[in-house]
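# Tertiary structure, described
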Amino acid sequence: MGLLDRLASRRPDVGVLVRPADSADQSVFTTKALRQFLSTLTARETPVLLDLGQVIGTNVNFFGQELGCKIFVEDLFRDLDRFVRQDKAEEFSEFLKARFPQEDASIDGILCWDLIDYLDRPAAEALAAQLTRVLRPGGALLGFFGTAQPRDAHYTRHLIVDDITLQYRTYPAERGRQAALLNRDIIRLFPRLRVSDSFLLKNNLREILFRKPT
Amino acid sequence: MEKDIVNIGKSVVIKGELNGSEDLTIEGHVEGTIELREHVLTIGPNGRIKAQVFAKSVIVLGEVNGNVTASEKVDIREKGSVDGDIISPRVAIAEGAHFRGSVDMQRKGPNQSQVPGQSPSHPDAKAQGNKTATQSAATTPQRVGA
């Protein structure tokens, strides 16, 4: 039985428990790109994952135990909050240029989540350049992008339930999303990557899976 | 027979190498290296560690700035904080804990043979999953799609 089949046994209809959406700040939704992203990792013997979001214990165990990944948890949302609090948001782009100690082409998969939505353009470009640098040829980057700019200032934690299901919870942010980028603007951020898959979900979230050509 | 647990109190500051052959709870400040290779190290809520840590198991309720290597498990509790790299076959990170660094469980990918005696369905991994994902038998997740 392949890994993705074993992950399927974790789906809610078989046995994994999922809390239904019953409050304003948590919900479950189906992801279409995650499975393709995971297949990039499962093809490697010792995959290396870069997670730009806040640490989530279940995600760490998912990637570490089931996929055998080495995981870098970076929590750039925390860094961004610090810069905003100190009224130095315009300096975040320079910070990002030196933020990633990983070597070139050393990362198999990057979970960007929806971080780019919270960045101004210079910071988004600096981040995209660094992510492109560290991603190995054949590696994948998964990003989420909103379609509207919400008024509330909050971040979203995405819990991986199984290979097609995510559960999200919001938590406070120092400032809200900076823009709802057009698809062409998102693609232009990553000129050296190609779009492998792109989905618009019913919750108006765009999932875009990039791959670095070999 | 009760096991002895040594406590390092809040006011104690240690700089250098700290090693021992019994379980240890630290509520003070330690800088340097901590080695308890066959025992359990607990960093209490007031513990502040700037050190490389080696132990059988490590429980973090306070703050660790340094790499943590455990032969069995690293457990970061709700208000615990670790900035550094973790090497351990089992890692539990509670909601509300802070962690930044790398995690290496020293497992091979799914296409390789698993490490003997280690199962993806480890009770701790399941406990973490159940903490954040509970199911009502009467409901199924709402499927959304493009």
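Source: prediction; values computed, not measured.

Along its length, chain B carries one helix and 11 strands. Considering chain B as a whole, with its 146 residues, one finds that 34% of them fall into the buried category. Taking all contacts inside chain B whose residues are at least 6 apart in sequence as the whole, residues at least 24 apart take part in 4%.

Below, the discussion takes up the overall build of chain A. Scanning chain A from N- to C-terminus turns up seven helices and nine strands. Taken across its 214 residues, chain A has 47% of its residues classed as buried. Within chain A, counting contacts between residues at least 6 apart in sequence, those at least 24 apart form 69% of the total.

Residues and elements named next belong to chain B. Looking at the element boundaries, glutamate 31 is found in strand E4 (residues 29-43). Linking glutamate 31 and glycine 66, residues 35 residues apart in sequence, is a C-alpha distance of 9.6 Å. Once residues within four sequence positions are removed from consideration, glutamate 31 is found in contact with Lys15, Lys50 and Ala51.

Turning to the confidence of the model for chain B, a few remarks are in order. Counting all residues, the mean pLDDT for chain B is 80, and 71% of those residues have values of 70 or more. A low-confidence stretch, residues 113-146 of chain B (pLDDT under 50), is modelled with 62 contacts involving residues beyond four sequence positions or located in other chains.

Averaged over all residues, the pLDDT of chain A equals 88, while 86% of them reach at least 70. Confidence drops under a pLDDT of 50 for residues 11-25 of chain A, and excluding neighbours within four residues, the segment shows 41 contacts in the predicted structure.

This part takes up the pairing of E4(B). Residue and element names in this part refer to chain B. Here strand E2 (residues 13-19) pairs with E4 via seven bridges, running parallel. Across the sheet, the residue bridging to leucine 18 is isoleucine 34, located in E4. Sheet topology places E4 next to strand E5 (residues 48-60); 12 bridges connect them, and they run parallel. What sits directly across from histidine 29, in E5, is arginine 48.

As a further point, take the environment of A:Asn204. Residues and elements named next belong to chain A. For asparagine 204, the position within the fold is in the loop between strand E8 (194-200) and strand E9 (205-211). Residue class for asparagine 204 comes out exposed when judged on the 12 C-beta atoms lying within 10 Å of it. Considering only alpha carbons, one finds asparagine 204 and phenylalanine 145, 59 residues apart in sequence, at a separation of 8.8 Å. When neighbours within four sequence positions are excluded, asparagine 204 is seen to be in contact with Gly146, Thr147 and Ala148.

The next thing to look at is helix H6 (residues 121-134) of chain A. Residue and element names in this part refer to chain A. Taking 1.5 Å as the rise per residue, H6 with 14 residues should run 20 Å; its terminal C-alpha atoms sit 20 Å apart, in good agreement. Within the span of H6, buried status applies to Ala123, Ala124, Leu127, Ala128, Leu131, Thr132 and Val134. End-on, the buried residues of H6 take up no more than an arc of 165°, which puts them together on one face. Contacts made by the buried residues of H6 are with strand E2 (48-51), helix H5 (92-97), strand E4 (107-113), strand E5 (135-146) and helix H7 (183-189).

Residues and elements named next belong to chain A. When we look at burial in helix H4 (residues 76-85), the residues that qualify are Leu76, Phe77 and Leu80. One side of H4 holds all its buried residues, which, seen down the axis, span an arc of 100°. Along its buried surface, H4 packs onto H5 and strand E6 (154-162). At the exit of H4 stands aspartate 87, carrying a positive phi of roughly 60°.

Another point: unusual backbone geometry. All names here are of chain A. Unlike most non-glycine residues, aspartate 75 shows phi in positive territory, near 45°. Within the fold, aspartate 75 resides in the loop between strand E3 (70-73) and H4. Look at aspartate 75 and you get partly exposed, because 17 C-beta atoms sit within 10 Å. Of note, the phi angle at aspartate 87 is positive, near 60°, even though the residue is not glycine. Within the fold, aspartate 87 resides in the loop between H4 and H5. Under the C-beta neighbour-count criterion, aspartate 87 is labelled exposed, with 8 such atoms within 10 Å.

When you line up the elements, A:Gly64 lands in helix H3 (residues 57-66). Separated by 16 residues in sequence, A:Gly64 and A:Val48 place their C-alpha atoms 9.6 Å apart. Residues contacting A:Gly64, with those up to four places away along its chain left out, are A:Cys69, A:Ile71, B:Val91, B:Val103, B:Met105 and B:Arg107.

Reading the values: rules and limits
- Along each chain, the written sequence defines residue order, and numbers are assigned to residues from 1.
- Just so you know, chain letters begin at A and ligand numbers begin at 1, following the order they were written in.
- For a predicted model such as this one, the threshold for reporting local features is a pLDDT of at least 70, and the threshold for listing and counting side-chain atom pairs is 80 or more; totals across whole chains, interfaces and linings nevertheless cover every residue.
- Helix and strand definitions here come from DSSP, where helices need a minimum of 4 consecutive H or I residues and strands a minimum of 2 consecutive E residues; each element is numbered from the N-terminal end.
- Field definition: a residue is buried when 20 or more other C-beta atoms are found within 10 Å of its C-beta, exposed when 12 or fewer are, and partly exposed for counts in between, with C-beta atoms placed from the backbone.
- Each residue is represented by a C-beta atom placed from its backbone, and any two residues with such atoms within 7 Å are regarded as in contact.
- Values of pLDDT, the confidence the predictor places in each residue, fall between 0 and 100.
- At least two bridges found by DSSP between two strands is the condition for calling them paired.
- Multiplying 1.5 Å by the residue count of a helix minus one yields the expected span of that helix.
- What the arc describes is the spread of directions from the helix axis to the C-beta atoms.

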